[in-house]
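# Coordinates in review
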Amino acid sequence: MSRLCLLLVLVFNFGAFSNGLSRPAVVNIGSIFTFASTNGKVAKIAMQAAVEDVNSDPSFLGGSKLSLSSHDSNFSGFLGIIGALKYMETDTVAIIGPQTAIMAHVISHLANELQVPLLSFTALDPTLSSLQYPFFVQTAPNDLFQMTAIADMVSYYGWRDVIAVYTDDDNGRNGIATLGDKLEERRCKISYKAALPPDPATRSDVQDALIKLLALESRVIVLHSYKLSGLVVFDVANSLGMMGSGYVWIATTWLSSTLDSMATLDPTISEKTQGVLTLRPHTLDSEKKKAFFSRWSQLSGGSVGLNPYGLYAYDTVWIIAHAIKAFFEQGWTISFSNDSRLTNVVLKGALQLDKMSIFDGGKHLLDNILHTNMMGLTGPIQFNPDRSLIRPAYDVVNVIGTGVRQIGYWSNYSGLSVMLPETLYMKPPNRSSSSQQLYSAVWPGQTTTKPRGWVFPDNGRQLRIGFPNRASFWQFVSLINGSDTVRGYSIDVFTAALGLLPYGVPYKFIPFGDGKQNPNYNELVDMITTEGFDAVVGDIAIVTNRTKVVDFTQPYIESGLVVVVSLRKLDSNAWAFLRPFTPMMWAVTAAFFLLVGAVVWILEHRINDEFRGPPKQQIVTILWFSFSTLFFAHRENTMSALGRLVLIIWLFVVLIINSSYTASLTSILTVQQLSSPIKGIESLITSTEPIGFQVGSFAENYLNQELNIPKSRLIALGSPEAYAMALENGTVAAIVEERPYVDVFLSRNCKFSAVGQEFTKSGWGFAFPKDSPLAIDLSTAILQLSENGDLQRIHDKWLTGQTCSSQQEIQSDRLHLKSFSGLFIICGIACFVALFIYFISMMRQFSSQFSEEFDSSGSGSSRSARLQRFLSFVDEKEEESKSKSKRKQMEQSSNINSEQDGQRNGSNRQEIDGNNSDCTFP
């Protein structure tokens, strides 16, 4: 018994000893932060609290305890690197930090080589790729999601251009580059980037950068920086008047963390940031989180407030603790190996590279970190396959008065919303624009009206609006002689659209051209690109080569090139009676006359003596009957139901054709007909005649470059009077002009006409520089003018004038087959159905009368004999066929009667013989 007890004691002691070998008493982890910074102060307190909470439960790590070492980088990347190297000499299994992306890019290389996991909740550069830095893990949502949230906000409020002000380091540059990508996905853009020196920037540096922004058009500014530089930016912005009405400021999470970390909000800071929007990492409200907030004042001693990054710091320690626990439970031991590449390195001083070692279990610990599944202070903690945290979300915060007001949320699941992201996770994702929502905000300048996000550049100077100083078609745009007054249809539309804008637009009109001849419109539009004009209004056609250099508003009038020709009187001739129908119409009509005659003959041939006779007579009957129906003068009667049906339908078709022909011929012979050998752009291209166009119009380039018409055929004309003279004199065979000009020209010149269809589709609009927000706002105003009817009233005022006193008729199109195709189809179907029914009836009659005859005949000659007999049967008169049928039936009945008589006589004789056999003689 004593031996058994001794054995159990030895086994127990051996197990405890072996367990002690696998689980060291202390597990070293390190941290690298600038502890003088706001996030550094908060992180240090939170990490220490987390280590204490882990170590307070000895069973959690099986008797081991966490030991957290802190290294102060003191705003220096070099000192941060030195701290990381020191940790590598002391068997550290994981490092929390560094604080900035600059150090993260460098230290991650060291972590890769020595296989020590590096976890950071503040170095959130989106370019810290898991492929390049496999041992670097971001334990807070990185800036990819923050920039996506800002892009969604910009799109939600309807802004198109933003200005980016950022600290010129890895974190700032890469964050703003990501913002630019996300804005482009929403058809927005960063119009200007103002880089600041690395933190902290001096006041003079910030002032030099912000002064340049005053001359820019955009008033939406995104500030991606740190606390020290960011507060200097707002201080300088206030002194420059850039925190007043009309401006929009969106700050990244640095501002919310700064405000949250203040035990009491500094009045000077809140005063300088009034109306600013900022983002705060969203964390789940839970009892655990509330309890930690209650502990915070005791932990911090009131020195600093708790911000979300303090919560992430606390959770990061617990992520490492859970990973170490799983590491031990999987049977791994903490061990380090020397790097052979460093054994021969001799470095004087405190830094001894040869003592740095590789963490043998680093990959296993990293894998445990990435498979974390726990509930932390920030909410559920899990990592996606790309190593980003699940369900990243932000609070949208507005700085108001002496505090902040939350106006909504952003989540990567459903975008902007006033509902908690946790509520939306239980519903299907919805990123549609109609579902995006935020509460109203108070903007800089203490206004609740959403800023339009841009102003006219150069401190609101008058816009230089160029317009064509035309020599013709004054209805569209004209300069009154001896004054600066500009009038016309295009000008009235422009001023009416400006009147609908919610803001004033200072402008002045500047003429382009001498007024003696029409200017070149391409040169006029190009003046915008050379900054000669800020915009161009007038009868400016929206064509491809112009849209490449400027932006146009919504078209305010439809346009397109048409062909105008001179009309001549169409003289009558001996063959005028053939004009109403096209040749195809004549041919099809004649064919149907013959078809209907033949069908009626087939249907009436057996029962109607008027459709019988010698072959020559029957052909004449068919022709006579067919064409006599044209005048409803057919004398042959129809006796069959099918024949009458076909005839009724055909007479209806004839009535329609006859009426149409009569009406068309009457018009041709009694009304003056005008015609032109040019029927449209196709016939104009194939001809060799000269073509006129308006001076300065895009029609010249279109005809030459698109339609390959030689320039030798193109003649420039400058006015409606020149159009009329050139067409009358035969100088040009036609004029190619835009539809609005043609309508004005034809309203006063009745001897000319537009022929063919418009062969281009475009419109007129107002031209602005590329990406001009005024073009967008004016497009909306033009649509409002169209919807409320003002656009039509302006059109009627200028373009609905007098018309020709005696309108002359233009030659109408001839009657085509397609106009009567429905009638012919109905008639054709009726003929086919009637013939089909007729031949089915004939087959049945033929089969009933002659089936026995052919059944008794030989099979070899039955087909040919049957066909010949069927044709002769069809050719017989109905009475003859019926007579033969009756005779055949009578013969059959007589034969039957004879057989019955024979049978009766036989039976009588049998009876007599029987009776005789019964007789007896004496």
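Since we're looking at a predicted model, the values are computed, not measured.

## A closer look at the packing of aromatic side chains
Under the definition given, this model contains 39 aromatic pairs. With 5.8 Å between their ring centres and 50° between their planes, Tyr-489 and Tyr-556 make a pair best called tilted. Pair noted here: Tyr-489 is in helix α16 (residues 489-499) and Tyr-556 is in the loop between β23 (551-552) and β24 (557-559), with a separation of 67 residues, a long-range link. Taken together, the ring pairs in this structure connect Phe-467, Tyr-489, Phe-494, Tyr-507, Phe-509, Tyr-556 and Phe-766 into an aromatic cluster. Over the aromatic face of Tyr-425 sits the side chain of Arg-391, whose NZ or CZ is 4.4 Å from the ring centroid. The aromatic ring of Trp-454 is capped on one face by Arg-452, whose charged end is 4.6 Å from the ring centroid.

## A short note on the sheet that holds strand β5 (residues 136-138)
In spatial order, the strands read β2-β1-β3-β4-β5; together these 5 strands make up an open sheet with parallel pairing. One side of each edge strand has no neighbouring strand; the edge strands of this open sheet are β2 (65-72) and β5. Averaged over all neighbouring strand pairs, the angle between strand axes comes to 25°, with direction disregarded. As paired strands, strand β1 (residues 26-33) and strand β3 (residues 94-96) are joined by 3 bridges and run parallel to one another. What sits directly across from Ser-31, in β3, is Ile-96. With respect to the sheet, helix α12 (residues 308-329) is in contact with β1, β2, β3 and β4 (118-120), its orientation differing from that of β3 by roughly 170°.

## Focus: unusual backbone geometry
With omega at -5°, the peptide bond leading from Gly-97 into Pro-98 counts as cis. Along the polypeptide, Pro-98 turns up in the loop between β3 and α4 (101-114). Backbone geometry at Asp-771 places phi at a positive 65°, although glycine is not the residue there. Among the structural elements, Asp-771 can be located in the loop between β33 (767-768) and α26 (773-788).

## Digging into the pairing of strand β6 (residues 161-167)
The buried fraction of β6 is high, at 7 of 7 residues. Both faces of β6 are covered, namely the face carrying Asp-161, Ile-163, Val-165 and Thr-167 and the face carrying Val-162, Ala-164 and Tyr-166. Relative to strand β7 (residues 189-196), β6 runs parallel, the two being bridged by 7 bridges. Looking at β7, one finds that Tyr-166 is bridged to Ala-195. With helix α6 (residues 170-185) bridging β6 and its parallel neighbour β7, the resulting β-α-β unit is right-handed.

## Here we look at the environment of Tyr-702
Take Tyr-702: it is sitting in helix α23 (residues 699-706). The class for Tyr-702 is partly exposed, based on a relative accessible area of 21%. The spatial distance from the C-alpha of Tyr-702 to the C-alpha of Leu-561 is 9.7 Å, given a sequence separation of 141 residues. Ignoring sequence-local partners within four residues, the contact set of Tyr-702 consists of Leu-561, Leu-707, Phe-759 and Thr-760.

## A word on the state of the cysteines
Simply put, the disulfide is a covalent bond whose two ends are the sulfur atoms of two cysteines. Across all of its chains, the model carries 0 disulfides by this definition. Distance from the sulfur of Cys-831, which forms no disulfide, to the nearest cysteine sulfur (Cys-827) is 4.4 Å. Assessed through its relative accessible area of 3%, Cys-831 is described here as buried.

## A look at helix α2 (residues 38-55)
Taking 1.5 Å as the rise per residue, α2 with 18 residues should run 26 Å; its terminal C-alpha atoms sit 26 Å apart, in good agreement. A large share of α2 lies buried, amounting to 14 of its 18 residues. Structurally, the start of α2 carries an N-cap: the backbone nitrogen of Gly-40 is 3.1 Å from a side-chain oxygen of Ser-37.

## Things to note about the packing of α4 against α6
Close contact between α4 and α6 brings their axes to 7 Å; oriented N to C, the two are set at 100°. In this view, α4 runs roughly perpendicular relative to α6, as classed from their interaxial angle. Taking contact as the criterion, the partners of Ala-101, Ile-102 and His-105 in α4 are, on α6, Asp-170, Asn-171 and Asn-174. Looking at the contact of α4 with α6 residue by residue, the classes come out as 2 nonpolar, 3 polar and 1 charged.

## Remarks on the layout of surface pockets
Of the volumes computed, that of the largest pocket is approximately 730 Å³. Surrounding the largest pocket, 34 residues form its lining, Gln-99, Thr-100, Asp-199, Tyr-226 and Lys-227 being those nearest its centre. For the lining of the largest pocket, the element with the most residues is helix α9 (residues 253-260), which contributes 4 residues. Among the residues making up the lining of the largest pocket, the classes are represented as 12 nonpolar, 18 polar and 4 charged. Estimated volume of the second largest pocket: approximately 580 Å³.

## Remarks on the sheet that holds β7
Read across the open sheet, the 8 strands follow the order β7-β6-β8-β9-β10-β15-β16-β17; overall the sheet is mixed. With partners counted over all chains shown, the strands left at the sheet margins are β7 and β17 (415-417), one partner each. This sheet shows a mean twist of 30° between the axes of neighbouring strands, independent of strand direction. Bridge count between strand β8 (residues 220-224) and strand β9 (residues 248-251): 4 bridges; the pairing is parallel. If you follow Val-220 over to β9, its bridge partner there is Val-248. This element, helix α5 (residues 143-156), spans β6, β8, β9, β10 (277-281), β15 (393-400), β16 (403-411) and β17 of the sheet and lies at about 145° to β10.

## Structural notes on helix α8 (residues 227-239)
Counted at 1.5 Å a residue, the expected span for α8 with its 13 residues is 18 Å, and the 19 Å between its end C-alpha atoms agrees. Those residues of α8 lying buried are Ser-229, Gly-230, Val-233, Phe-234, Val-236 and Ala-237. Within α8, the buried residues cover an arc of 165° as seen down the axis, which keeps them to one side. Downstream of α8 by one or two residues, Gly-241 has phi in the positive range, about 75°.

## Digging into empty space enclosed by the protein
This model, assessed by the stated rule, comprises 1 cavity of 30 Å³ or more. Its volume calculated, the largest cavity comes out at about 60 Å³. As for the largest cavity, its lining consists of Arg-470, Tyr-521, Asp-539, Ala-541, Arg-546, Gln-694, Val-695, Gly-696, Ser-697, Phe-698, Glu-738 and Tyr-741. Class assignment for the residues of the lining of the largest cavity results in 5 nonpolar, 3 polar and 4 charged.

## Remarks on the packing of α2 against helix α11 (residues 287-300)
Axis separation between α2 and α11 bottoms out at 11 Å; the angle between their running directions is 110°. Taken together, α2 and α11 sit at an angle that is classed as roughly perpendicular. Listed contacts from α11 to Val-42, Ile-45, Ala-46, Ala-49 and Asp-53 of α2 are Phe-292, Arg-295, Trp-296, Leu-299 and Ser-300. Of the residues assigned to the contact of α2 with α11, the class counts are 7 nonpolar, 1 polar and 2 charged.

## Quick word on the pattern of salt bridges
This model, assessed by the stated rule, comprises 22 salt bridges. As a salt-bridge pair, Asp-235 and Lys-272 come within 3.3 Å of each other at their nearest N and O atoms. Highlighted residues: Asp-235 in helix α8 and Lys-272 in helix α10 (residues 267-272), separated in sequence by 37 residues. The class of Asp-235 is partly exposed, set by a relative accessible area of 25%. Residue Lys-272 is classed as partly exposed on the basis of its relative accessible area, which comes to 29%.

Calculation rules
- Residues numbered from 1 in each chain as written.
- Predicted model: local features only at pLDDT ≥ 70, side-chain atom pairs only at ≥ 80, totals over all residues.
- Heavy atoms only, no water.
- Phe/Tyr/Trp six-rings, centres within 6.5 Å; stacked < 30°, edge-to-face > 60°.
- Helix = DSSP H or I, 4+ residues; strand = E, 2+ residues; numbered from the N terminus.
- Lys NZ or Arg CZ within 6 Å of the ring centre and 35° of its normal.
- Pairing = 2+ DSSP bridges.
- Axes fitted to C-alpha atoms, helices over the stretch in contact; angles between N-to-C directions.
- Contact = heavy atoms within 4.5 Å.
- Buried < 20%, exposed > 50% of the residue type's maximum accessible area, 1.4 Å probe, protein only.
- Right-handed = clockwise from strand over helix to strand, strands pointing away.
- Disulfide = S-S within 2.5 Å.
- Expected span 1.5 Å × (residues − 1).
- Polar contact = N/O pair within 3.5 Å; in protein donor to acceptor, adjacent residues only side chain to side chain.
- Parallel < 35°, antiparallel > 145°, perpendicular 65-115°, else oblique.
- Nonpolar A, V, L, I, M, F, W, Y, C, P; charged D, E, K, R; others polar.
- 1 Å grid on protein atoms, 1.4 Å probe; cavity = no way out; pocket = protein on both sides within 12 Å on 5 of 7 lines; lining within 4 Å.
- Points joined across faces, edges and corners; volume = space filled by probe spheres on them.
- Arc of directions from axis to C-beta.
- Salt bridge = Lys/Arg side-chain N within 4 Å of Asp/Glu carboxyl O.

Remember that the coordinates give geometry; whether it matters functionally is a separate question.
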